[in-house]
Amino acid sequence: MIARHERVREAQEGARVIARQGWAEEGAEDGALIAPVAALIGGQGSAGRPAPSPAPPRMGRRRPTAGRFAVELVLGAGIAICVSLGIQYVVPRLPLPEPSLLPTILTTLTTTAVVVLLALSVPAAGRGGMAVRGLLHWSGYALVSALPTLLLALPLHGTRWFLGGLASDNQFRVEYLTRLTDSPALADIAYRDVPPLYPPGWFWTGGRIAALLGWDAWAAFKPLCITSAALAAAVTLALWRLLVPPRIAVLLATATVMAAFVEPSLGVREPYAWLVGSALAPLTVVALKLLRAPAVRPWPLLAFGVAVGAAVLTYTLLAAFWVFTLIAMVVALLLHRPRRWRTLLARVALAGIAAAPSAAVILLPYELAGRAAGGSPDTTALKFTPYQQLTYLLPMTEITPGGLLCLAGTVWLVVRCRTRPVAAGLLALVAGCYAWCVLSHLAIALGTTLLSFRVHPVLLVALHCAGVLALWDLLRTVRRRHPAQARTATGALAVVAAVFTVAAVQHAQSALGREVDLAYRQSYPLDDGTAPSRTARVRHPGTEDLWIRPLVRAIARGTGRQPHDLTVLTDHHRLLSVEPYWAYVAMTPGYSNPQARHEKRNAEVRRWLAARDADDFARRLHSGRFPAPDVFVLRQTDTGYGLYLFRHNFPRVPVTRSSEVVFPVDFFPPGRFLRQDVGPYTVITRYGGRSG
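Residues numbered from 1 in each chain as written. Predicted model: local features only at pLDDT ≥ 70, side-chain atom pairs only at ≥ 80, totals over all residues. Heavy atoms only, no water.

Observations regarding the pairing of strand β3 (residues 631–636)
In terms of residue burial, β3 counts as a mostly covered element, since five of its six residues are buried. Bridge count for strand β1 (residues 567–570) against β3 is three bridges, and the pairing is parallel. Along β3, the bridge assignment pairs leucine 569 with phenylalanine 632. One ladder, built from five bridges, connects β3 with strand β7 (residues 681–686); its direction is antiparallel. For valine 631, the partnering residue across the bridge sits in β7 and is threonine 685. When β3 meets strand β4 (residues 641–648), the two strands line up antiparallel, connected through two bridges. (Buried < 20%, exposed > 50% of the residue type's maximum accessible area, 1.4 Å probe, protein only. Helix = DSSP H or I, 4+ residues; strand = E, 2+ residues; numbered from the N terminus. Pairing = 2+ DSSP bridges.)

Structure below.
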């Protein structure tokens, strides 16, 4: 009986805390945000009785419900996609002369206009009639999605490539998109008959869209990436509106967008990772509220579990980091309120059950295949130490507008974490980022890392959002102590926010420079030899990709088979990026599926080269551990046909080393193999079809 009364008292106390600490303190003008998540999660009390209702909303603001939030999310995402696609349709058709700097000027003008409109919408929110309020509400989605679209589409208006072109990591990204455009069946990026390890969510969706529209995957990659950046902005805005007043949510979504461009190679250049990373800040606050609430209905926990599962399908590394942070939060709450351990563990279990099916799509087939093969080798994907991972990211120490914003956010998090659930959630996320970085450094002793540089965008988002909330807190303080200056203070905040955002926009254009140049330096894999426009900085696009289409035709002549039926041995990996050939050896160990045994495949190639003559070479091809390639695409050298093999070199620098091997010409006698010279390459296929 005593325990029962204790649970009832705990539920009543928690309800009062939520009503008092929700975002009611965000200002009387917005009406108490009524602890909206409390309204969503409130349900039966611990004793089986209805939990006490939180304080009613003021100013007639309606409580968010599951249905309203779903409608908000879907409509907001739809607006973002339409706005982004509309801008992407118009931008390439603008009569911009090249080479010139007009794209840069136009980017500055248009993004500044969007920022000004966003700044004006902050003090105007909640005023006017229902039609005006509705227009301002939904225009937020249009504006925050237009900002990243303009920042990307205008600099890239003269090229069909996305940031970075087809260089570096984009080779495997486009290769994965090509694979899943060719077929909806889940498959590895490079290897035949190997279960995928890399998360397929974004690539599968994009591949299905490209296939439906009849687009080549390489051509669909750019619009998919830009639209994903706009979609991430809309999703972030919808999530923040679940937690804070609309006017603050718009500022937080804008800050999140700009955080993506602080270091583009880690943010917006990886759009599927950004879809997850941009949402972690509001979702972590939601998680904290769900864990702290005295009573929770099942559906919010199930919905949260689905979000975790979606993160696993989209970017598994960030999902693992997020789960690590959430577990740390649960442990902290257990230490603070140990008597609630059953409640907390039950909520975690329910969310985990909802997340399990999505996670099983990737992890279960991979683990089952590994066990059938006697165990999976260690992945080399984690064995990578770029310069961003050598030190800890401390943006609050930089004397820049962004650095000052992060400094203000850091102070606000420390001061308000005990009284504001949003501050507590963001502080937990920031602490999780730094803890992940420390663990990544310690993991080097075990011969691996946690790729801590991948959580840098999450850290920047959390600190930028905290900085915005710090400024808003300052505004509230001024309005409370000097009511006569309320309107002036609001206008001042809008001006400061606009100046900070314009500064971030200008930084973004500078930060994108190298990535944009790479997008103009490569020709298109087309028969007509077209290439990106000349620019003021890139006057001569490259010619390497001009050989891709002739190589594809030569392979078709030599085999008479479709690309997805052929395994190719080559070091011209862009060929595999734009056509769904299977690789005999992937382009780099870091992106090679561990179950494909990259190093053993390298060793197999070297074993072939130890053959005494053509007959011995043919026997070795057929007796190898792996099915022999159907096609060889090799470089012509003075002594034969050259091929670069790549091996892992961690922890040394560079992390990947290459060595050249040469196939003697007489290993491919004309009676057994068809040899076709295509520019600097030779395409070698076996007469009679498959070579292994």
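A word on the confidence of the model for the protein chain
The pLDDT averaged across the protein chain works out to 83; a share of 87% of its residues lies at or above 70. When the elements of the protein chain are averaged for pLDDT, helix α1 (residues 2–21) gives the smallest value, 45, and helix α8 (residues 217–241) the largest, 96. This stretch, residues 1–8, has a pLDDT under 50; its non-local contacts, to residues over four places away or in other chains, come to five contacts. Predicted confidence is poor over residues 10–61, with pLDDT under 50, and the contacts of this stretch with residues over four places away or in other chains come to 117 contacts. (pLDDT = per-residue confidence, 0-100. Contact = heavy atoms within 4.5 Å.)

A few points about the packing of aromatic side chains
Here the structure, examined in full by the defined rule, presents 29 aromatic pairs. A centroid spacing of 4.8 Å and a plane angle of 35° characterise the contact between tyrosine 176 and phenylalanine 203, whose relative ring orientation is tilted. You can see tyrosine 176 sitting in helix α6 (residues 170–182) and its partner phenylalanine 203 sitting in helix α7 (residues 201–213), a full 27 residues away along the chain. Just as tyrosine 176 is buried, phenylalanine 203 falls in that class too. Between phenylalanine 632 and phenylalanine 668 the ring centres are 5.3 Å apart and the planes differ by 65°, which places this aromatic pair in the edge-to-face class. Separated by 36 residues along the polypeptide, phenylalanine 632 in strand β3 and phenylalanine 668 in the loop between β5 (656–663) and β6 (673–678) bring together distant segments of the chain. (Phe/Tyr/Trp six-rings, centres within 6.5 Å; stacked < 30°, edge-to-face > 60°.)

Some points on the packing of helix α12 (residues 298–314) against helix α13 (residues 316–336)
Packing of α12 against α13 brings their axes to within 6 Å, and their N-to-C directions diverge by 140°. Here Phe304, Ala307, Val308, Ala311, Val312 and Thr314 of α12 come into contact with α13, specifically with Thr316, Ala319, Trp322, Val323 and Leu326. Looking at the contact of α12 with α13 residue by residue, the classes come out as nine nonpolar, two polar and no charged. (Axes fitted to C-alpha atoms, helices over the stretch in contact; angles between N-to-C directions. Nonpolar A, V, L, I, M, F, W, Y, C, P; charged D, E, K, R; others polar.)

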